[in-house]
Amino acid sequence: MKFFKFLLISIVISSSLVACRKGPEDPLLSFTTRKNRISQTWLAYSYRINGVEKIEESTTETNSIPGCGNQNINTLIKRSVIMDFSKGGTYSDNYNTITNIISSTTGSGEGCDVFNFNNTDTDLSANVGIWNFSGGVGNTSSREQVFIYQEETKMGYLWDIVRLANDELKLKRKYIKAGESIFTTEEIFFYPK
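The text that follows walks through the structure, step by step, so that each part is easy to find. (Residues numbered from 1 in each chain as written. Predicted model: local features only at pLDDT ≥ 70, side-chain atom pairs only at ≥ 80, totals over all residues. Heavy atoms only, no water.)

The next point concerns the overall build of the protein. When its secondary structure is counted, the protein shows two helices and 10 strands. Ordered by position from N to C terminus, the α and β elements of the protein give α-α-β-β-β-β-β-β-β-β-β-β. By the burial criterion, 31% of the 193 residues in the protein qualify as buried. The long-range fraction of contacts in the protein, counting pairs at least 24 apart against all pairs at least 6 apart in sequence, stands at 50%. Carbon and sulfur atoms provide 56% of the accessible area of the protein, an area that totals close to 12,100 Å². (Helix = DSSP H or I, 4+ residues; strand = E, 2+ residues; numbered from the N terminus. Buried < 20%, exposed > 50% of the residue type's maximum accessible area, 1.4 Å probe, protein only. Contact = heavy atoms within 4.5 Å. Areas by Shrake-Rupley, 256 points an atom, 1.4 Å probe, with all protein chains shown as cover.)

By volume, the largest pocket amounts to about 390 Å³. When residues of the lining of the largest pocket are traced back to their parent elements, those giving at least two are β1 (41-49), β4 (69-85), β5 (90-105), β6 (117-134), β7 (145-150) and β8 (155-165). At four residues, β6 tops the list of elements feeding residues into the lining of the largest pocket. Here the lining of the largest pocket is composed, by residue class, of 10 nonpolar, four polar and five charged. (1 Å grid on protein atoms, 1.4 Å probe; cavity = no way out; pocket = protein on both sides within 12 Å on 5 of 7 lines; lining within 4 Å. Points joined across faces, edges and corners; volume = space filled by probe spheres on them. Nonpolar A, V, L, I, M, F, W, Y, C, P; charged D, E, K, R; others polar.)

This part takes up the pattern of salt bridges. As enumerated under the stated definition, the model contains five salt bridges in all. With a shortest N-O distance of 3.9 Å, E53 and R48 are connected by a salt bridge. Between E57 and R79 there is a salt bridge, with its nearest N and O atoms 2.6 Å apart. Of the two residues, E57 is situated in strand β3 (residues 56-65) and R79 in strand β4; the sequence distance between them amounts to 22 residues. Classification of E57 by relative accessible area gives buried; the value is 17%. (Salt bridge = Lys/Arg side-chain N within 4 Å of Asp/Glu carboxyl O.)

Printed below as a string of structure tokens:
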């Protein structure tokens, strides 16, 4: 009889622990609230759009230039994404993109030097706004999503929280862009900054 009581108590405790998890990759047990876990500054280590990594991208294009040989254009794009969630419900983000384009030719004829260049461009955007947990509708449970409203753009974004731990945050959203008929999937994985 004692064994069955122990077994029943173990089943109840283990099922209640699993029920406490909100995101599919959340820790099994946490002694801090979801609000305390998300309320910090996060730096992205991976940013994927439709499965393609965007934190650092590199492309090479080769063009044939008569009299100069081949022109090689190497493009390197590095992105930095920072999101900050305060306990009071304010939000800020910084998106920094550095694009470096280097062009070189394999030939050295007259006038070929115009095809050789090095160009660096920096694009920085910063937004402020408010955030709050969402969910509890349809198939989502409460605090399973985070809603971000950017004041300057007057745009709101709803992200699914895949993982929320003290040391890692994973967000995912799926949407259809205006004028398109296919879904775009964005995933951002963060460490605390």
